Amino acid sequence: MSPIHLRLYRPSDFETLHRIDQACFPPDIAYGRLELKSYLRSAGSHCLLAEADGNIGGFILTARSRETGHIITLDVLEPY
């Protein structure tokens, strides 16, 4: 396996992240497009992607406020 490269989310990554979330969670738990977009666009959100060989293998989406922070989702495809 090639080295993992971390980078920040770009809007052009959205469909790939949505597909990854759908693959990682059952339909009743996985985020819909609107919900995922809302989290990605919200103030205090931060999304970091892991790439190998130019493919996104997973991502973490977090949210923070002045006093707290939490992980919204942590998704990693099975091969990674």
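Keep in mind the model is a prediction, meaning the values are calculated, not measured. (Residues numbered from 1 in each chain as written. Predicted model: local features only at pLDDT ≥ 70, side-chain atom pairs only at ≥ 80, totals over all residues. Heavy atoms only, no water.)

J.: Which residues make up the overall build of the protein chain, and what values go with them?
T.: Secondary structure assignment for the protein chain yields 2 helices and 4 strands. Going residue by residue from the N terminus, the α and β elements of the protein chain occur as β-α-α-β-β-β. Its C-alpha atoms give the protein chain a radius of gyration of 13 Å, near enough to 12 Å, the size a compact globule of 80 residues would have. C-alpha extents for the protein chain along the principal axes are approximately 40 × 25 × 20 Å. Across the 80 residues that make up the protein chain, the buried fraction comes to 31%. For the protein chain, restricting intrachain contacts to residue pairs at least 6 apart in sequence, the fraction spanning at least 24 positions comes to 47%. Carbon and sulfur atoms provide 55% of the accessible area of the protein chain, an area that totals close to 5,400 Å². The centroid of the 8 positive side-chain charges in the protein chain is displaced by 10 Å from the centroid of its 10 negative side-chain charges. (Helix = DSSP H or I, 4+ residues; strand = E, 2+ residues; numbered from the N terminus. Rg over C-alpha atoms; globule rule 2.2 N^0.38 Å. Buried < 20%, exposed > 50% of the residue type's maximum accessible area, 1.4 Å probe, protein only. Contact = heavy atoms within 4.5 Å. Areas by Shrake-Rupley, 256 points an atom, 1.4 Å probe, with all protein chains shown as cover. Lys, Arg positive; Asp, Glu negative; His and termini not counted. Charge placed at Lys NZ, Arg CZ, Asp CG, Glu CD.)

J.: How would you sum up the side chain of D75? Please name residues and give values.
T.: Mapping D75 onto the fold places it in strand β4 (residues 69-76). At 2.4 Å, the side chain of D75 forms a polar contact with the side chain of T73. The residues contacting D75, other than those within four sequence positions of it, are I20, D21, C24, F25, G57, G58 and F59. (Polar contact = N/O pair within 3.5 Å; in protein donor to acceptor, adjacent residues only side chain to side chain.)

J.: Got a sec to walk through the environment of L40? Specific residues and values, please.
T.: Following the sequence through the fold, L40 ends up in helix α2 (residues 33-41). Among the residues examined, L40 registers a relative accessible area of 12% and is labelled buried. A sequence separation of 32 residues divides L40 from I72, and the C-alpha atoms of the two residues are 9.9 Å apart. L40 has contacts with Y9, F14, S45, C47 and L61, leaving out every residue within four places of it along the chain.

J.: Describe in detail a nonpolar patch on the surface, supporting the description with residues and values.
T.: Judged by side-chain polarity, I4, L6, I71, L74, V76 and Y80 come together as a nonpolar surface patch covering roughly 580 Å² of accessible area. Here the element with the most residues in the nonpolar patch is β4; it accounts for 3 residues. The topology assignment puts I71 in strand β4. (Patch = residues over 30% accessible without salt bridge, like charges linked within 9 Å, V, L, I, M, F, W, Y side chains within 5 Å. Salt bridge = Lys/Arg side-chain N within 4 Å of Asp/Glu carboxyl O.)

J.: Kindly report on the packing of aromatic side chains, identifying the contributing residues and their values.
T.: Using the criterion set out here, one finds 1 aromatic pair in the structure. Each ring, one from Y31 and one from Y39, has its centre 5.3 Å from the other, and the planes form 65°; the classification is edge-to-face. Accessibility expressed as a relative area gives 27% for Y39, which makes it partly exposed. Above the plane of the ring of F14 lies K37, whose end atom (NZ or CZ) is 5.0 Å from the centre. (Phe/Tyr/Trp six-rings, centres within 6.5 Å; stacked < 30°, edge-to-face > 60°. Lys NZ or Arg CZ within 6 Å of the ring centre and 35° of its normal.)

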